[in-house]
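Per-entry structural report
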Amino acid sequence: QVQLVESGGGLVQAGGSLRLSCAASGSISRIYIMGWYRQAPGKQRELVATISQYGTTTYADSVKGRFTISRDDAKNTVDLQMNSLKPEDTAVYFCYRHQYGSPYWGQGTQVTVSS
């Protein structure tokens with residue numbers, strides 16, 4: 001099993017920044033895709049960003065140019081640097097990891113952006 005723990009969420013004003021972190025533990029594979037989803041109240045859960053073991057990244061169009069995903073394999077962590085935050089970014093952010101063909105999810109961390 002893989003356990004994922006998110007941290008770094010909070011309340012910020014529009015235009016501010018937050019850095020989310022996800023720590024993975026358990027049965028860790030070197031072959032993986034890891035990243036972030038988010039879900040706003042009344043909205044569908046959506047992909048935010050992903051990163052593979054090769055360092056290949058993807059971003060949702062809504063966050064491209066503002067968010068940056070990175071990883072540290074030595075620490076088994078993935079971070080999401082969120083800049084120029086907008087009220088539309090308000091959501092619960094979920095860390096996820098795919099390995100051995102199976103998905104794993106964190107519990108989520110709340111990000112609230114006020115205007």
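In the block above lies the structure referred to throughout.
What comes next concerns the included structure. Quick caveat: nothing in here was measured; it's all calculated off a predicted structure. (Residues numbered from 1 in each chain as written. Predicted model: local features only at pLDDT ≥ 70, side-chain atom pairs only at ≥ 80, totals over all residues. Heavy atoms only, no water.)

Looking at the overall build of the protein chain
Secondary structure summary: the protein chain contains zero helices and eleven strands in total. Walking the protein chain from its N terminus toward its C terminus, one meets helices and strands in the order β-β-β-β-β-β-β-β-β-β-β. Relative to the globule expectation of 13 Å for 115 residues, the C-alpha radius of gyration of the protein chain, 13 Å, shows essentially globular dimensions. A buried classification covers 39% of the 115 residues belonging to the protein chain. Taking the contacts inside the protein chain whose residues are at least 6 apart along the sequence as the reference set, 55% of them involve residues at least 24 apart. Of the roughly 6100 Å² of accessible surface on the protein chain, a fraction of 49% belongs to carbon and sulfur atoms. (Helix = DSSP H or I, 4+ residues; strand = E, 2+ residues; numbered from the N terminus. Rg over C-alpha atoms; globule rule 2.2 N^0.38 Å. Buried < 20%, exposed > 50% of the residue type's maximum accessible area, 1.4 Å probe, protein only. Contact = heavy atoms within 4.5 Å. Areas by Shrake-Rupley, 256 points an atom, 1.4 Å probe, with all protein chains shown as cover.)

Let's talk about the state of the cysteines
A full pass over the atoms with the stated rule returns one disulfide. Each sulfur in the disulfide pair Cys 22 and Cys 95 lies 1.9 Å from the other. Judged by the sign of its S-S torsion, about -85°, the bond between Cys 22 and Cys 95 is left-handed. Of the two residues, Cys 22 is situated in strand β3 (residues 18–26) and Cys 95 in strand β9 (residues 91–99); the sequence distance between them amounts to 73 residues. Both residues of the pair, Cys 22 and Cys 95, count as buried. (Disulfide = S-S within 2.5 Å.)

Notes on the pairing of β3
Pairing of strand β1 (residues 2–7) with β3 involves six bridges; the strand directions are antiparallel. When the bridges of β3 are listed, Val 2 appears paired with Gly 26. Across six bridges, the pairing between β3 and strand β8 (residues 77–82) is antiparallel. By the bridge assignment, Leu 18 is partnered in β8 with Met 82. (Pairing = 2+ DSSP bridges.)

Describing the packing of aromatic side chains
According to the stated counting rule, one finds three aromatic pairs in the structure shown. A ring pair is formed by Tyr 37 and Trp 105, whose centres lie 5.2 Å apart and whose planes are at 65°; its orientation type is edge-to-face. Here Trp 105 lies in strand β10 (residues 102–105) and Tyr 37 lies in strand β4 (residues 33–39), a separation of 68 residues in the sequence. Under the relative-accessibility criterion, Tyr 37 is labelled partly exposed at 23%. Judged by centre distance (5.7 Å) and plane angle (40°), the ring pair of Tyr 96 and Trp 105 falls under tilted. An aromatic cluster is defined as three or more aromatic residues linked by ring pairs; in this entry it consists of Tyr 37, Tyr 96 and Trp 105. Seen from the ring of Phe 94, Arg 45 lies directly overhead, with NZ or CZ sitting 3.9 Å from the centre. Lying across the ring of Trp 105, Arg 45 places its NZ or CZ 5.0 Å from the centre. (Phe/Tyr/Trp six-rings, centres within 6.5 Å; stacked < 30°, edge-to-face > 60°. Lys NZ or Arg CZ within 6 Å of the ring centre and 35° of its normal.)

Quick word on the environment of Arg 19
Checked against the element boundaries, Arg 19 lands in strand β3. The class of Arg 19 is partly exposed, set by a relative accessible area of 43%. In this structure, the C-alpha to C-alpha distance between Arg 19 and Thr 68, residues 49 residues apart in sequence, is 9.5 Å. One polar contact links Arg 19 to Gln 81, side chain to side chain, over a distance of 3.0 Å. (Polar contact = N/O pair within 3.5 Å; in protein donor to acceptor, adjacent residues only side chain to side chain.)

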